[in-house]
Amino acid sequence: MATLAVPNKPEALESQELLTRVQTDRSCRQTVLIYYTSAVFWLLLGSVLAILASLKMHIPGFLADWEWLTFGRVRPAHLNSMIYGWAVMAAIGTLLWLQARMGRVRLPLPLLLPVSGLVWNVGVAYGMIAILIGYSSSTEWLEFPVPVLGFFGFCLVLIIYATLVMMMRRKVHHTYVSQWYIYGGVLWFPFLYVSALILTQAPHINGTVRAIANWWFAHNVLGLWLTPIGLASAYYFIPKVTGRPVHSYHLSLLGFWTLALFYNWAGTHHLVGGPIPAWVITVGIVGSMMMFIPVTTVAINHHMTMLGQFHHLRTSPTLRFVVFGAMSYTLVSFHGSLAALRSFSEVAHFTHHTIAHSHLGVYCFFTMMMFGAMYYIFPRILRREWSSAPLIKVHFWTTAIGSIVYVVGLGWAGWVQGSMMNNPDIPFMDVVKYTIPWLESRSVAGTLMSVGHFVFAYLVWRMLRGDGADQQGPTLLTTARSLRKQRERKARARERAREVA
Amino acid sequence: MNRSLFIFIGVIFTVVFSLSGLVLVPDWQFSEIGQFKTADGTLYPQPLTGPPDAGRHVYMDLGCIYCHTQQVRPEGFGADIERGWGRRRTVMRDYMFDPINLTGTMRTGPDLANIGARQPSRTWQYLHLYNPVITSPGSIMPPHPFLFTVGADAAPPPDAVALPKEWQTPTAKYIIPNSRGRFLVDYLMSLDKSVDLPEAQ
């Protein structure tokens, strides 16, 4: 009888754990839903603005009579919609859910956090309108006028509070690597935003110090805010979906602290050759080189966790997006470190190469990571399934192919553009003419990515309507072929086991 | 690593450390920079006031920085000087009064650090802003018709700029810049960093 009692105990534990999970998921429902659906809205608006900006680059007369849609306004509107609307709102939704799940606690502030989601939207809308009607601060990544800080500040205070409370109340003593990253990101971002806003716009500061503060911010908002949330997601979802623990605790520890230490210093590589003291740029380059450490550790850790588990990519939508994101992270970071070098920057700086690089980071890494997180989290907070596996595939392939065409095409064109610009015998207009076919290819790639976004938005809309509610089990991307392969693999494994026996 | 306080202190320390090192130290190091007295006794640079400063706001709100830089890289690093974008590299002193950073990061179009010296014709600037391909065939810069009104009267007002013959239509024979258009050109005309500075030799 004693042998029978043993399996009963974990079963009871498991059901208790399931219950907690359901409860924590339910506590997140309203807040995460508001942040996620708003994020998808800004993603669509950002895509439309992106296509407009892209078309205007090779058809300069397109909609040129409307001042509010001139290139110099549509382009920052696109960036801000994507960063503060899409990326940040998706990040906040994800980090709140992850914190509740990992700490096994309910989300605090059940009334104020959903309200913060609405307030954030008002802030973004206010900033977007300000840019389009001509009140941009003309400081890259900080175009929103100062009063927007009031809206963002209100929300960020609540989010810091919720994060700290969940950290204190957590039922699991041990903290997981994803929790460190979230904790770091949540504290870093408000500090970055406030200090950069002051240093770029307050009076009596040397104009070039403003430039340094500008790029200290713009680079860190990626490295110390979007990157931690993206990596927290990768560290959570890869082991979760594959069912294997993270390869090495010590590597993740090393990765976290070296990121915290070195990324901070890397931003000034955006000013190579600029009118600022040489030592500031040298520090930026050294910081960028040191980034090889955290990036390599994270890459090894994720790859070793995935080893032998790659077949899950065929079935799990979450894992597909997350692994695409994780691989892009390695790529964009190595590329970024190289791009910081003076000799590289001499060519690539001031060209479309930088634009390709930033899309490799914010899109191929972060955005794809957030798609992966949403494919996992939406069904859990709503207790419904995605309604269509083929549409998820369309979403994946349009965004994956679109972003690869975007990054490779513009990356190449930018490099040639920079080389041509550095040769004074080539007239400037020839450089412009050279880039036009590549700008057209970018419009095609961007349209493809946007098609993916609209498909995703349609899936989310059907999710909200409950179209997949009656489905049994998760929506997997399994096809007849992949099922057959899976059977064959199992058969081979059995055979091997028999041989060994 | 289970102590949240430890992570908290580490996280705050790293970011404050970099802010001090990268931003506050250069600000303190160069707070001593003053204006430079040129050979004829004038001080360089001068803070922008009046119409050029109003034009700076137009430059900002139209998003010119997304395609144009305002910085000349040193000789031997890129071809900025060989392209004629400036006689010398630009240095911190050039920007000491800038209320916002407009040095830029993108050169879809050419650098504008010295555009006032390089293209001193206001007529050229107006025609170029109205429709860039009039003066620069092949340009992909967006036209800015909203900075102008067009007219076709037989006796154009004194501030009208005649369109070249091949660009005239029955309803548009000349353009008149509105106040924002004039301010913007005032600003562009003010961009001249050709004063020789000892630190830029």
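Residues numbered from 1 in each chain as written. Chains lettered and ligands numbered in written order. Predicted model: local features only at pLDDT ≥ 70, side-chain atom pairs only at ≥ 80, totals over all residues. Heavy atoms only, no water.

*Asks:* Any chance you could explain the overall build of chain A here in plain terms?
*Replies:* What chain A contains, in helices and strands, is 16 helices and 0 strands. For 501 residues, the compact-globule formula gives about 23 Å, and the C-alpha radius of gyration of chain A, at 24 Å, lands near that figure. Overall size of chain A, expressed as C-alpha extent along the three principal axes, is 85 × 50 × 45 Å. The proportion of buried residues among the 501 residues of chain A is 62%. Here the contacts in chain A between residues at least 6 apart in sequence split such that 84% fall between residues at least 24 apart. (Helix = DSSP H or I, 4+ residues; strand = E, 2+ residues; numbered from the N terminus. Rg over C-alpha atoms; globule rule 2.2 N^0.38 Å. Buried < 20%, exposed > 50% of the residue type's maximum accessible area, 1.4 Å probe, protein only. Contact = heavy atoms within 4.5 Å.)

*Asks:* Please clarify how the interface of chain B and chain A should be interpreted in this entry.
*Replies:* Accessible area lost during the coming together of the parts is what is often quoted as the interface size. Across the boundary between the two partners, chain B contributes 74 residues, which contact 92 residues of chain A. Between chain B and chain A the total buried area reaches about 6900 Å² when both faces are included, carbon and sulfur atoms providing 66% of it. For the interface between chain B and chain A, the tally reads 2 salt bridges. The salt bridge involving Arg180 of chain B is made with Glu67 of chain A; its shortest N-O contact spans 2.6 Å. There are 21 residue pairs in polar contact (both at pLDDT 80 or more) connecting chain B and chain A. Of all the elements in the fold, those that place two or more residues in the side of chain B that touches chain A are α1 (4–29) and α2 (50–61) of chain B. When residues of the side of chain B that touches chain A are assigned to their parent elements, the largest contribution, 21 residues, is made by α1 of chain B. (Buried area = accessible area lost by both parts, 1.4 Å probe. Salt bridge = Lys/Arg side-chain N within 4 Å of Asp/Glu carboxyl O. Polar contact = N/O pair within 3.5 Å; in protein donor to acceptor, adjacent residues only side chain to side chain.)

*Asks:* Before we go on, may I ask you to explain the packing of aromatic side chains in this structure?
*Replies:* Each aromatic ring pair is described using two quantities: the centre-to-centre distance and the angle formed by the ring planes. All names here are of chain A. What the rule picks out here adds up to 45 aromatic pairs over all chains. One aromatic cluster in this structure is built from Tyr36, Trp86, Phe321, Phe324, Phe371, Tyr375, Phe378, Trp386, Phe396, Trp397 and Phe456. Residue placement shows Arg320 over the ring face of Phe396; its charged tip is 5.3 Å from the ring centre. The residue whose ring lies beneath Arg380 is Tyr376, and the NZ or CZ to ring-centre distance is 3.7 Å. (Phe/Tyr/Trp six-rings, centres within 6.5 Å; stacked < 30°, edge-to-face > 60°. Lys NZ or Arg CZ within 6 Å of the ring centre and 35° of its normal.)

*Asks:* Any chance you could explain unusual backbone geometry here in plain terms?
*Replies:* Peptide bonds are, in most cases, trans, and in most cases residues other than glycine have a negative phi. A cis amide bond, omega -5°, links Tyr44 of chain B with the succeeding residue Pro45 of chain B. Phi is positive for Leu109 of chain A, close to 50°, though the residue is something other than glycine. Summarising the element assignment, Leu109 of chain A is placed in the loop between α2 (71–103) and α3 (112–133). One non-glycine residue, His204 of chain A, adopts positive backbone phi at about 65°. Its place among the elements puts His204 of chain A in the loop between α5 (177–201) and α6 (207–242). Residue His204 of chain A is classed as exposed on the basis of its relative accessible area, which comes to 79%.

*Asks:* Help me understand a positive patch on the surface, please; the structure alone is not making it clear to me.
*Replies:* Residues and elements named next belong to chain A. A surface patch of like charges, here positive, comprises Arg314, Arg484, Lys485 and Arg487. Per element, the largest residue contribution to the positive patch is 3 residues, and it comes from helix α16 (residues 480–500). Tracing the backbone shows Arg484 in helix α16. Judged by its relative accessible area of 45%, Arg484 is partly exposed. (Patch = residues over 30% accessible without salt bridge, like charges linked within 9 Å, V, L, I, M, F, W, Y side chains within 5 Å. Areas by Shrake-Rupley, 256 points an atom, 1.4 Å probe, with all protein chains shown as cover. Lys, Arg positive; Asp, Glu negative; His and termini not counted. Charge placed at Lys NZ, Arg CZ, Asp CG, Glu CD.)

*Asks:* Quick question: what am I supposed to make of the environment of Leu113 of chain A here?
*Replies:* All names here are of chain A. Along the chain, Leu113 turns up in helix α3. Measuring from C-alpha to C-alpha, the distance between Leu113 and Tyr135 comes to 29 Å, with 22 residues separating the pair along the chain. Setting aside residues up to four positions removed in sequence, Leu113 forms contacts with Thr31, Tyr35, Leu96, Leu107, Pro108, Leu158, Ile159 and Ala162.

*Asks:* Help me understand the sheet that holds strand β5 (residues 174–177) of chain B in this model?
*Replies:* Backbone-to-backbone hydrogen bonds pair the strands of a sheet. The strands run either parallel or antiparallel. Residues and elements named next belong to chain B. Read across the sheet, 3 strands follow the order β3-β5-β4 without closing on themselves; strand pairing throughout is antiparallel. The strands lining the two open edges of the sheet, one partner per strand, are β3 (148–151) and β4 (161–162). In this structure, β3 lies alongside β5, joined through 4 bridges in antiparallel fashion. Bridging across to β5, Gly151 finds its partner in Tyr174. (Pairing = 2+ DSSP bridges.)

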